[in-house]
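# Notes for the structure review
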Amino acid sequence: DAKTTQPTSMDCAEGRAANLPCNHSTISGNEYVYWYRQIHSQGPQYIIHGLKNNETNEMASLIITEDRKSSTLILPHATLRDTAVYYCIVGETSGSRLTFGEGTQLTVNP
Amino acid sequence: DSGVTQTPKHLITATGQRVTLRCSPRSGDLSVYWYQQSLDQGLQFLIQYYNGEERAKGNILERFSAQQFPDLHSELNLSSLELGDSALYFCASSVRIGPGGTEAFFGQGTRLTVV
C-alpha cells in the first residue's frame, strides 16, 4: 500500500471550513483514498473514500488532484465535535487491511 | 453507533493470565479485522478473517490468536499477558472484499489493562 504524509496538527475556528491535506505520491492506479477519524480513544469512524473523482457526502468532501498524488478532506463547517485525529489511508481493494499512520490532530477552537 | 459490538468494554487482569475479547460484526458483514492501539504504537493491524477463514495477518504476537465463528462473530485470545499488552483493542467489519472501495466500521474497543 502507498504511504501517506499528513501534517501532525492543524487548528480551525468553529464554523469555518477545515481543509486537511494528504500526500500520497506513490499511489497506484487502483488504490483508493480513505479518510477516517478517531475522537479521543473511540473507535475510528469512516468519513469518505474516493478513487479519481471528487466525492461528497453528509460529513465531508474529498478533493483528489488530477495526478492523484494528493488529496484534501474538507469539513465545510467545522464544529467542536470535529476535534479528532484524522487519518488518510490508501488501500487497493475493499477488505484490505487499513494501515494507519500518525494522522492529523485537528483542533476546532471556539 | 457503528453496529459493531465489542465486549467487554474494560478488562483488568494480571500478568501471565489469558483473556478473550469478543466482537460481533455488523449484520451481513463477512470480514472482521482486529487492531491494537497502544500509546506508543498507534493503530496496528493484527489479523483479518473473512467468512471464517484467516485472510491477512499483521503484527500479531504468537501469544495472540483469533478465530471467526460460523455466525461470523470473532474472538481474539491473548495469553501469557505482559504489561506491554495493555492497550485498546478494536474490531472492525466490512461487508465484502475485492475490487472497489468500501468502508470498514469499527467497534468502540476493549480497553485492556494488565497489572
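For the structure, check the block above.
These figures come from a predicted structure and were not determined experimentally. (Residues numbered from 1 in each chain as written. Chains lettered and ligands numbered in written order. Predicted model: local features only at pLDDT ≥ 70, side-chain atom pairs only at ≥ 80, totals over all residues. Heavy atoms only, no water.)

## Some remarks on the overall build of chain A
Along chain A, the regular secondary structure elements total 0 helices and 9 strands. Ordered by position from N to C terminus, the α and β elements of chain A give β-β-β-β-β-β-β-β-β. Relative to a compact globule of 110 residues, whose C-alpha radius of gyration would be 13 Å, chain A shows 13 Å and is just as compact. Projected onto the principal axes, the alpha-carbon positions of chain A cover approximately 40 × 30 × 25 Å. At a minimum sequence separation of 6, the contacts of chain A that also span at least 24 residues come to 57%. Put simply, chain A shows about 5500 Å² of open surface, and 47% of that area lies on carbon and sulfur atoms. Taking the average place of the 8 positive charges on the side chains of chain A and the average place of its 11 negative ones, the gap between the two points comes to 1 Å. (Helix = DSSP H or I, 4+ residues; strand = E, 2+ residues; numbered from the N terminus. Rg over C-alpha atoms; globule rule 2.2 N^0.38 Å. Contact = heavy atoms within 4.5 Å. Areas by Shrake-Rupley, 256 points an atom, 1.4 Å probe, with all protein chains shown as cover. Lys, Arg positive; Asp, Glu negative; His and termini not counted. Charge placed at Lys NZ, Arg CZ, Asp CG, Glu CD.)

## Some details on the state of the cysteines
Scanning the model with the defined rule gives 2 disulfides over all chains in all. The disulfide partner of C22 of chain A is C88 of chain A, and the gap between their sulfur atoms is 2.1 Å. Residues C22 of chain A and C88 of chain A are joined by a disulfide whose S-S torsion is about -80°; by sign, that bridge is left-handed. With C22 of chain A in strand β2 (residues 18–23) and C88 of chain A in strand β8 (residues 84–91), this residue pair connects regions lying 66 residues apart in the sequence. For the residue pair C22 of chain A and C88 of chain A, the accessibility class agrees, reading buried in each case. Here C23 of chain B connects covalently by a disulfide to C91 of chain B, the sulfurs 1.8 Å from one another. One quick way to see it: the torsion about the S-S bond of C23 of chain B and C91 of chain B is about -55°, and its sign makes the bridge left-handed. You can see C23 of chain B sitting in strand β3 (residues 19–24) and its partner C91 of chain B sitting in strand β9 (residues 87–94), a full 68 residues away along the chain. (Disulfide = S-S within 2.5 Å. Buried < 20%, exposed > 50% of the residue type's maximum accessible area, 1.4 Å probe, protein only.)

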